[in-house]
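# Observations on the three-dimensional arrangement
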Amino acid sequence: MAYKKDDLVTLTIEDIGAGGEGIGKADGYTVFVKDTVIGDVVEAKIIKAKKNYGYARLIRVVKPSDVRVEAVCPVAKQCGGCQLQHMSYEAQLRFKEKLVKNNVERIGGLREGSYVLEPIIGMDSPFRYRNKAQYPVGYNRENELVCGFYAGRTHYIVDCGDCVLGAEENAEILEIIKAWMKEENIYAYNEETTSGIIRHILIRTACHTDEIMVCLIVNANEGDYRYASWQELPAKGELNRTVMGKLVDKLSLISGMSSIMINYNTKKTNVILGDTCDTLWGRAYIEDYIGNIKYQISPLSFFQVNPQQTEKLYNKVLEYASVKGGETVWDLYCGIGTISLFLAGMAKKVYGVEIVPQAIEDARNNAKLNGINNAEFFVGKAEEVVPAFYDKMKAAAAAGDMEASRSINPDVIVVDPPRKGCEESLLETIIAMSPERIVYVSCDSATLARDLKYLEANGYKTERVQPVDQFGHTVHVETVVLLSHKKPDSHINIKVEFGEGEGKVPLKAISERAEAYKPKERVTYKMIKEYIEAKYGFKVHTAYIAEVKRDLGLPMYDAPNAVEELKWQRKHPTAEKVEAIKDALTHFGAI
């Protein structure tokens, strides 16, 4: 039976989706219902109906599940930050462990029993664990000043001064800033008109040193607060040294306050932080520890938001990396060097790569701060830096450089990529570098599973999978995976003599056979695009190439974004472009 919009349904929730929404069936029709848990019997109203499934809004819980609990936060249902506060923490852990298992087996193709799935590492307490909060500032429908978090999939701000996942000091800091804005007639930023001053409030708290940083993200250019009035209209008040001084005087009295910063962002963008900061009071950073390593953390630094769980996660990385003292290690997507510096204490040499220049500057400073001199850091995309470095070191190794030989064939490679996972070009280079072990740290088990499938098909075996709950009450879960280089099952010793004569293998025949079986050059999307533009004078979209390759049954893994685009409705390539793509594929020997 198919349902339509506004229909009421009663159903039992049987599963939880990746976004935390409950999944049930009404007469065989699949319905996704937010704010429900497995075992709930609920009444819901269809808000979007498709042919075989629909989305519904929870009307009432007819019979609550055994794992349903009362949310601690009064705005948990409206806020987009927590998806699972209505589920007991034990049930959350079971959900996340199952999510990782399903992804690595269904997407990654791993067989149950072929690897070890270790029990998820949970928190001692799933509240007050976040050391960083970014609060958007704006106005509600009554034109009252609010700051909090965006409601799910919107830019409507849910007023929430005291988030139960964040530090208790945050509420006091927000009240001081809001009162100051009202007293000085300082307006919040308006996304539609791009007017107003205060965009976001960033608060960082250090777990082990109790230091606090406050950073105002402002709709202004660097240096404006020192000399000018920031007056878009006279009624919007001045934000100069005197006005900022009043705020600094109040914030600096808070126990632990160590850094008051300002960040400039005049772009019409969803990106919160701009590229430059100024220090209003105190230092330009705060300090904290993970294990015995001290880190300096600036407003632009990436630093794990849950330091207690991060220490457990990094100890698992160390365990999987199994460094004893003489190894060379690569840490890709290294951020401010958190994992790199952990590994440097045990390894002979660590190389870190990160695209954000400020993060690499922080990584180098953190190495000096801790007296670590065996860690070297590179700025750039890992998928570009590592292949280029590999080619350079390979040439040096061929010339007899032993240090280069160790660099191109490291013992361990650690990868901690963003949510989209690794580019295939990077995975190819990792395979070429042939490390004994790969330790993959992921915040998205779906893209992790996709990359595991590729690595499994190219000489590596997934040994152990460790889920770690870094983000209680949300659907997110961190995962650490150990992969080892596959070894041959046995060896056969064969004595072969080369040359001319009876019983010998002629070298010319070997050369001819090798040439005949030499693998073809891999055809990339870039090659196809360049060929078509040169021959036909027009460009083709990557998704068009992917569509043609899919229709021809050719692999498309090297353009995961294009494959993803095929799921969405878009224009199909014209017949002219289809023929051009087929011509290019023929030219390069793909078909």
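Residues numbered from 1 in each chain as written. Predicted model: local features only at pLDDT ≥ 70, side-chain atom pairs only at ≥ 80, totals over all residues. Heavy atoms only, no water.

## A short note on the nonpolar core
Membership of the largest hydrophobic core comes to 90 residues, with the highest contact counts inside it found for Ile177, Trp180, Ile198, Leu251, Trp330 and Leu332. Ranked by residues supplied to this core, first place goes to helix α8 (residues 382-398) with seven residues. Sequence-distant contacts of Leu251, that is, excluding residues within four places in its chain, are made with Ile173, Ile176, Ile177, Val214, Met257 and Ile260. Within the second largest apolar cluster, 44 residues are counted, among which are Leu202, Ile290, Val323 and Phe342. (Core = buried A, V, L, I, M, F, W, Y, C linked by side-chain atoms within 4.5 Å. Buried < 20%, exposed > 50% of the residue type's maximum accessible area, 1.4 Å probe, protein only. Helix = DSSP H or I, 4+ residues; strand = E, 2+ residues; numbered from the N terminus. Contact = heavy atoms within 4.5 Å.)

## Things to note about the packing of helix α13 (residues 525-536) against helix α16 (residues 575-587)
Axis angle and axis distance: for two packed helices, these are the angle between their axes and the distance between the axes, and together they describe the pair. Their axes nearest at 9 Å, the elements α13 and α16 cross at an angle of 115°. Seen from above, α13 lies across α16 with right-handed handedness. Counted together, Ile528, Tyr531, Ile532, Lys535 and Tyr536 of α13 and Ala580, Ile581, Asp583, Ala584, Leu585 and His587 of α16 form the full contact between these two elements. A breakdown of the residues in the contact of α13 with α16 according to their chemical character gives eight nonpolar, one polar and two charged. (Axes fitted to C-alpha atoms, helices over the stretch in contact; angles between N-to-C directions. Left-handed = near helix turned anticlockwise from the far one by under 90°. Nonpolar A, V, L, I, M, F, W, Y, C, P; charged D, E, K, R; others polar.)

## Description of the pairing of strand β2 (residues 22-26)
Of all five residues in β2, four are buried, a share of seventy percent or more. Sheet analysis places strand β1 (residues 8-16) next to β2, joined by three bridges and oriented antiparallel. From the neighbouring strand, Ile16 faces β2, where its bridge partner is Gly22. Joining the antiparallel neighbours β1 and β2 is a turn of five residues, in which Gly20 adopts a positive phi near 90°. Here β2 pairs with strand β3 (residues 29-33) via five bridges, running antiparallel. By the bridge assignment for β3, Ile23 is matched with Phe32. (Pairing = 2+ DSSP bridges.)

## Topic: the confidence of the model for the chain
The share of residues in the chain with pLDDT of 70 or more is 88%, and the mean pLDDT across the chain is 88. Here residues 226-238 scores under 50 on pLDDT; set against residues more than four positions off or in separate chains, the count is 33 contacts. Counting interchain partners and residues more than four positions distant, the pLDDT-below-50 stretch residues 562-567 has twelve contacts. (pLDDT = per-residue confidence, 0-100.)

## With respect to α8
For α8, which comprises 17 residues, the first-to-last C-alpha distance of 24 Å matches the rise-based estimate of 24 Å (1.5 Å per residue) to within 8%. Those residues of α8 lying buried are Ala382, Glu383, Val385, Val386, Pro387, Phe389, Tyr390, Met393 and Ala397. Gly400, located one to two residues past α8, shows a positive phi value of around 105°. (Expected span 1.5 Å × (residues − 1).)

## Some words on helix α14 (residues 542-552)
Because each turn of an α-helix spans 3.6 residues, side chains separated by three or four positions in sequence point in the same direction. Judged by how many residues are buried, α14 sits mostly within the fold: eight of eleven residues are covered. If you check which residues of α14 are buried, you get Thr542, Ala543, Tyr544, Ile545, Ala546, Glu547, Val548 and Lys549.

## Here's the deal with the side chain of Asn170
Position of Asn170 relative to the elements: it lies in helix α2 (residues 169-183). Sequence-distant contacts of Asn170, that is, excluding residues within four places in its chain, are made with Ala133, Tyr135, Gly161, Ile203 and Thr205.

## Here's the deal with the pairing of strand β11 (residues 212-218)
Within β11, seven of the seven residues are buried, which leaves the element mostly enclosed by the surrounding structure. Of the two faces of β11, the one holding Ile212, Val214, Leu216 and Val218 and the one holding Met213, Cys215 and Ile217 are both buried throughout. Direction of pairing for strand β10 (residues 198-205) relative to β11: antiparallel, over a ladder of seven bridges. In the strand pairing of β11, Ile201 is matched with Leu216. Connecting β10 to the antiparallel partner β11 that follows it, the hairpin turn spans six residues, and Asp210 within it adopts a positive phi of roughly 65°. In this structure, β11 lies alongside strand β12 (residues 257-264), joined through seven bridges in parallel fashion. Directly across from Met213, in β12, lies its bridge partner Ser259.

## Regarding the sheet that holds strand β9 (residues 157-159)
Across the sheet, seven strands lie side by side as β9-β8-β7-β10-β11-β12-β13; this open sheet has mixed pairing. Edge positions in the sheet fall to β9 and β13 (276-282), since each has one partner strand and no second. Ignoring strand direction, the axes of neighbouring strands in this sheet form an average angle of 35°. Contacts from α2 reach β7 (132-139), β8 (145-150), β9, β10, β11 and β12 within the one sheet, and its direction differs from that of β10 by about 150°.

## Quick look at the state of the cysteines
By the definition in use, this model includes zero disulfides. Between Cys147, a cysteine without a disulfide, and Cys160, which holds the nearest cysteine sulfur, the sulfur-to-sulfur distance is 9.1 Å. For Cys147, a relative accessible area of 1% corresponds to the buried category. The cysteine Cys215 is free of any disulfide, with Cys277 supplying the nearest cysteine sulfur at 5.0 Å. Taking relative accessible area as the criterion, Cys215 reaches 0% and is therefore assigned buried. (Disulfide = S-S within 2.5 Å.)

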